[in-house]
Amino acid sequence: MNEAELEELRRRAEGALSKPARYGPDVDVTQFSVPPSPASYEEILRASSHLLASVGVDLSGRGSAGTYLQVDEEAVEIEVRTSGLRVLNLQQALEEGIVDDYFWRAVPVTPTSTPRLRSSSVEGRATW
Amino acid sequence: MIAEKGAKIETPVQTCLLMSAPGAIQAPHNIVIVEEGAELHVVTGCLTMMERAGLHAGVSEFYVKRGGKLTYTMIHAWDEQTHVRPRTGVVVEEGGQYISHYVNMTPTASLQTDPKVWLVGRGARAHLSSVIVAKGDSVMDVGGTVYLRAPDTSAEIVSRAVTKDRAEMIARSLISAEAPGVRGHIECDGLLLSDRSRILTLPALDARHSDVQLSHEAAVGKLSEDQIFYLMSRGFSEDEATSMLVRGFMEVKLEGIPDELRRQIEMAISMAAAGL
């Protein structure tokens, strides 16, 4: 995706920001911000291991074909344990041109998708 | 995430989005591509470990190519001060299948989502199921929309909502039939466990062609006292009887998924029921 296309996404996102949500309580996104990186992801994961288990996440990776683990806005683990599967950071996928035909194609930039657009992810910084 | 052409990946891929910082926004953007003839199961656990306000606003874009199959399971365990706004769009090509299961286990300040699925190739199929528990002062507006854009496509949307305390739940669903020979069914059930909670179900069918089959059924109410008394007559306490009936209400068909994943979903539903 070239810079002009990204700029168009940003422009539409800014335009959508001022519109209220159509459904559900309106959220003031300005009250939230992208957090700084924590001192230790390992400590966070250790402290939350029982919570992770409750949503089906096994940090050992046993019984899974791959793992993508994100804390706040940072990908802290990406692992693939089977053939035929690729898991990569979205930023890397964009740089390699793998997802140009898919990025923001199935979810339109509209008022309902506004909250996330304020953050880094218009650029596809984090996630798979 | 990409499942390459023809790859049958039967073991689930686990993904996790954890929020650790108060006042933070977490805004993931996920793209899943299931190439022609491939099969992929993804289970995503989303949770927070903080007890202060946060916003999770994720975008998920899924593309299922010809003859592919994607099973996407999302298990949410948020916090009473977290606002959640997932945005999901799915495009399914000829003969492809998209099956999603969503379980929300915990109180959430607010949740609003309405995944949209476009079945654009002949014979494509979608199945969306959700089990939502709304407690405390949660406000949840959970939808599901499927556009049947190609001949012989079909869709089923199944939702189970349980409310307690002062929670408010709106369950929306829409199937839009836009091609000949398509079929769609919506099943939308709600269970109120308190007089101060609210459930609004809004199943909608939109027929834009005469040769279509569309149906919906919706029911909202409280637990049957007769059933509670029956179980109590069999030796169960009132709490045990209530718990068994709530768990039974939350049962949804879990088709075409690996045993391990089925076990995870059933465990999540049981934990959600146990907290009521």
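Residues numbered from 1 in each chain as written. Chains lettered and ligands numbered in written order. Predicted model: local features only at pLDDT ≥ 70, side-chain atom pairs only at ≥ 80, totals over all residues. Heavy atoms only, no water.

Once that is clear, we can look at empty space enclosed by the protein. All names here are of chain B. In the structure shown here, the tally under the stated rule is 4 cavities of 30 Å³ or more. One number sums up the size of the largest cavity: a volume of about 310 Å³. Sorting the residues of the lining of the largest cavity by element identifies strand S8 (69-77), strand S11 (97-104), strand S14 (125-134), strand S17 (154-163) and strand S18 (168-177) as the ones contributing at least two each. With 5 residues, the single largest contributor to the lining of the largest cavity is S17. (1 Å grid on protein atoms, 1.4 Å probe; cavity = no way out; pocket = protein on both sides within 12 Å on 5 of 7 lines; lining within 4 Å. Points joined across faces, edges and corners; volume = space filled by probe spheres on them. Helix = DSSP H or I, 4+ residues; strand = E, 2+ residues; numbered from the N terminus.)

Another aspect to go through is helix H3 (residues 259-274) of chain B. All names here are of chain B. With 16 residues, H3 should cover 22 Å at 1.5 Å per step; its first-to-last C-alpha distance of 22 Å lies within 8% of that length. When H3 is considered as a whole, its buried residues turn out to be Leu261, Gln264, Ile265, Ala268, Ile269, Ala272 and Ala273. For H3, the elements touching its buried residues are strand S2 (8-19), strand S5 (39-48), S8, S11, S14 and helix H2 (238-249). (Expected span 1.5 Å × (residues − 1). Buried < 20%, exposed > 50% of the residue type's maximum accessible area, 1.4 Å probe, protein only. Contact = heavy atoms within 4.5 Å.)

This part is about the sheet that holds S17 of chain B. What the 10 strands build is an open sheet, ordered S2(A)-S1(A)-S2(B)-S5(B)-S8(B)-S11(B)-S14(B)-S17(B)-S19(B)-S21(B); its pairing is mixed. Strands with a single pairing partner mark the edges of an open sheet, and in this sheet they are strand S2 (74-80) of chain A together with strand S21 (212-221) of chain B. In this sheet, neighbouring strand axes are inclined to one another by 5° on average, regardless of whether the strands run parallel or antiparallel. Sheet analysis places S5 of chain B next to S8 of chain B, joined by 9 bridges and oriented parallel. The partner of Val42 of chain B across the bridge, within S8 of chain B, is Tyr72 of chain B. Running over the sheet, H2 of chain B touches S17 and strand S19 (182-192) of chain B and is turned about 160° from S19 of chain B. (Pairing = 2+ DSSP bridges. Axes fitted to C-alpha atoms, helices over the stretch in contact; angles between N-to-C directions.)

Once that is clear, we can look at the nonpolar core. Core analysis: the largest hydrophobic core is formed by 55 residues, its most contacted members being Leu40, Leu70, Tyr98, Val117 and Val146 of chain B. The residues contacting Leu40 of chain B, other than those within four sequence positions of it, are Leu85 of chain A together with Met1, Ala3, Ile9, Val13, Val32, Val34, Lys69, Leu70 and Thr71 of chain B. Within the second largest apolar cluster, 38 residues are counted, among which are Val103, Val162, Ile257 and Leu261 of chain B. (Core = buried A, V, L, I, M, F, W, Y, C linked by side-chain atoms within 4.5 Å.)

Another point: the layout of surface pockets. All names here are of chain B. Size it by volume and the second largest pocket reaches roughly 270 Å³. As for the second largest pocket, its lining consists of Leu192, Leu193, Ser194, Asp195, Lys222, Leu223, Glu225, Ile228, Phe229, Glu238 and Thr242. Of all the secondary-structure elements, those providing two or more residues to the lining of the second largest pocket are helix H1 (225-233) and H2. The element best represented in the lining of the second largest pocket is H1, accounting for 3 residues. Looking at the lining of the second largest pocket, its residues break down into 5 nonpolar, 2 polar and 4 charged. (Nonpolar A, V, L, I, M, F, W, Y, C, P; charged D, E, K, R; others polar.)

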